[in-house]
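Examination of the molecular architecture
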Amino acid sequence: MNILVTGGAGYIGSHTCVELLNNNHSVIIADNLSNSKIETIDKIKQITDKDILFYKVDVIDEQAAESIFSSHQIDGVIHFAGFKAVGESVEKPLKYYYNNIVSTIILSRLCIKYNVNKFVFSSSATVYGENKVPFVETMDLLPTTNPYGETKAISERILTDVAKANHSFSVSLLRYFNPVGAHESGLIGESPNGIPNNLMPYITQVAKGKLQKLRVFGNDYDTVDGTGVRDYIHVVDLAEGHVASVERLQEGVHVYNLGTGQGTSVLQLIYAFEKVNNIKIPYEIVGRRPGDIAVSYACVSKAEQELGWKAKRGIKEMCRDAWKFEENL
Ligand code: WQD
């Protein structure tokens, strides 16, 4: 298949491009490079020894996006491009609602116009809000605590309605749990701008000495050791989930959790990182971070049954590969 990957130079997008190419698909990347680097394109080529097409395009520029659809025969779109900083979305809600929702509208409009029938969307486990764990795809979505999460829930609804009205348009809504780690080559990975918000990039920067110590947000949750529990998933497993999802996409709208089904606490992740990489991570316990939930992990049986996909990599590989990438920077 010829797949248009929006946000293909980003963290999850770049790993997905590698796995698409490894599975003999062709890739066209559309990325405005607002939170990614042009060098990533070459690294994808280097890892796979395959060529790709790259357009420096912002997909909310409909004319520019349309020029890609009109000049290529596209079989499917995987839509990653979007803003993803939870805290910033609270400060700048309109920036998030506008960018993340308009891009979904424009891309689905172009898919209908150019007869592109497969659409895979980057959603997030955050849409489950404070449901009971494990999160199951059939649960009602509860309000999220931030505009970023709302843009994911709203985009899911838009795509669902578009698919209802256009029977040949098939949609896969992929709800990611907590993607971490990097490609085992150490060539691509996550490099957030500024001080990281997420736990793993924070840990790797402390390990490198860029940051002094980790702050653990709360140890009074009702969890194994009081710290927050999440379902961390290796980004290469996540990327493989996208390949399975686009290859197996049937008519209609399909929702899948992409996680491991295993919960890991903040302290467990710190200790695993220390052990695997033989580096001490200084930390202190501070108060809870507003908007955090205690526990999040997936029920993964639907993806396993319908996509034939299952995460294979564990916490060890996640810690090893995240560190390998940071070390190489
Ligand atoms: C994980 C755990 C923190 C940082 C967020 C978004 C979600 C998705 C992924 C992305 C929690 C604790 C963290 C730190 C800490 N979006 N923590 N010290 O909050 O589960 O999910 O990122 O693009 O929509 O909400 O992930 O990595 O921020 O936090 O103690 O410095 O680590 O409290 O328990 P989260 P996270």
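Anyway, here's the lowdown on the structure attached to this text.

**Brief notes about the overall build of the protein**
When helices and strands are counted, the protein shows 11 helices and 13 strands. Scaling as 2.2 N^0.38, a compact globule of 329 residues should have a C-alpha radius of gyration of about 20 Å, and the protein matches this with 19 Å. For the protein, the C-alpha atoms occupy an extent of roughly 55 × 45 × 40 Å along the three principal directions. Going through the 329 residues of the protein one by one, you find that 52% of them count as buried.

**Looking at unusual backbone geometry**
Here the residue pair valine 133 and proline 134 is connected by a cis peptide bond, since its omega of -5° sits within 30 degrees of zero. Residue position: proline 134 is located in the loop between strand E5 (118–124) and helix H6 (147–165). Although it is not a glycine, asparagine 24 sits at a positive phi angle of roughly 65°. Relative to the helices and strands, asparagine 24 is located in the loop between helix H1 (11–22) and strand E2 (26–31). Look at asparagine 24 and you get exposed, because its relative accessible area is 63%. The phi dihedral of asparagine 278 falls on the positive side, at around 55°, and the residue is not glycine. Among the structural elements, asparagine 278 can be located in the loop between helix H9 (266–277) and strand E13 (283–286).

**Considering the packing of aromatic side chains**
Scanning all chains against the criterion turns up seven aromatic pairs. Feature note: the residues Tyr128, Phe135 and Phe177 constitute an aromatic cluster, connected by ring pairs. Here the guanidinium or amino end of lysine 95 rests over the ring plane of phenylalanine 83, the centre of that ring lying 4.7 Å away.

**A short note on the site of the ligand**
Taken together, 20 residues lie near the ligand, and Leu199, Arg215, Arg230, Arg289 and Asp292 sit nearest. Between an oxygen atom of the ligand and a side-chain N or O atom of asparagine 198, the distance comes to 2.9 Å. Here arginine 215 contributes a backbone N or O atom positioned 2.7 Å from a nitrogen atom of the ligand. Bound to the protein, the ligand loses 88% of the 690 Å² it would expose on its own.

**Thoughts on the nonpolar core**
By size, the foremost hydrophobic cluster in this structure holds 33 residues, and its most contacted members are Leu20 and Val27. Contributing elements (two or more residues each) for this core: strand E1 (2–6), H1, E2, helix H2 (39–48), strand E6 (170–176), helix H8 (235–248), strand E11 (253–258) and helix H10 (301–307). Non-local contacts of leucine 20, meaning those with residues more than four positions away in its chain, are made with Ile3, Val5, His25, Val27, Ile78, Val243 and Val246. Grouped together as the second largest cluster of nonpolar side chains are 25 residues, Ala30, Val59, Ala65 and Leu110 included.

**Quick notes on the layout of surface pockets**
Counted as a void, the second largest pocket has a volume near 200 Å³. The wall of the second largest pocket is formed by 15 residues, among which Gly259, Thr260, Gln262, Ala311 and Arg313 lie closest to the centre. Where the lining of the second largest pocket is concerned, the elements lending two or more residues are H10 and helix H11 (315–328).

**Considering the pattern of salt bridges**
Under the criterion given, the structure shown has 15 salt bridges. Put simply, lysine 95 and glutamate 88 hold a salt bridge, and the shortest N to O gap is 3.0 Å. On the basis of relative accessibility, which here comes to 24%, the residue glutamate 88 falls in the partly exposed class. Notably, a salt bridge pairs arginine 313 with glutamate 240, separated by 3.3 Å at the nearest N-O pair. Residue arginine 313 is found in the loop between H10 and H11, and its partner glutamate 240 is found in helix H8; the two are separated by 73 residues along the sequence. Through salt bridges with shared partners, a single network forms among Asp237, Glu240, Lys312 and Arg313.

**Notes on H8**
Taking 1.5 Å of rise per residue, 14 residues should cover 20 Å, and H8 covers 20 Å from first to last C-alpha, within 8% of that figure. With 12 of 14 residues buried, H8 is to be regarded as a mostly interior element. Along H8, the residues classified as buried are Val235, Val236, Asp237, Leu238, Ala239, Glu240, Gly241, His242, Val243, Ala244, Ser245 and Val246.

**Notes on empty space enclosed by the protein**
Left-over empty space is what a probe sized like a water molecule reveals as it rolls over the atoms. Counted according to the given criterion, the structure contains one cavity of 30 Å³ or more. In this structure, the largest cavity encloses a volume near 40 Å³. Those elements giving two or more residues to the lining of the largest cavity turn out to be helix H5 (93–113) and H6.

**Quick word on the environment of threonine 260**
Tracing the backbone through its elements, the reader meets threonine 260 in the loop between E11 and strand E12 (264–265). Sequence separation between threonine 260 and serine 34 is 226 residues, and the spatial gap between their C-alpha atoms is 30 Å. When neighbours within four sequence positions are excluded, threonine 260 is seen to be in contact with Asp231, Tyr232, Ile233, Val300, Ala311 and Met318.

Rules of the game
Residues numbered from 1 in each chain as written. Predicted model: local features only at pLDDT ≥ 70, side-chain atom pairs only at ≥ 80, totals over all residues. Heavy atoms only, no water. Helix = DSSP H or I, 4+ residues; strand = E, 2+ residues; numbered from the N terminus. Rg over C-alpha atoms; globule rule 2.2 N^0.38 Å. Buried < 20%, exposed > 50% of the residue type's maximum accessible area, 1.4 Å probe, protein only. Phe/Tyr/Trp six-rings, centres within 6.5 Å; stacked < 30°, edge-to-face > 60°. Lys NZ or Arg CZ within 6 Å of the ring centre and 35° of its normal. Near = heavy atom within 4 Å. Polar contact = N/O pair within 3.5 Å; in protein donor to acceptor, adjacent residues only side chain to side chain. Areas by Shrake-Rupley, 256 points an atom, 1.4 Å probe, with all protein chains shown as cover. Core = buried A, V, L, I, M, F, W, Y, C linked by side-chain atoms within 4.5 Å. Contact = heavy atoms within 4.5 Å. 1 Å grid on protein atoms, 1.4 Å probe; cavity = no way out; pocket = protein on both sides within 12 Å on 5 of 7 lines; lining within 4 Å. Points joined across faces, edges and corners; volume = space filled by probe spheres on them. Salt bridge = Lys/Arg side-chain N within 4 Å of Asp/Glu carboxyl O. Expected span 1.5 Å × (residues − 1).

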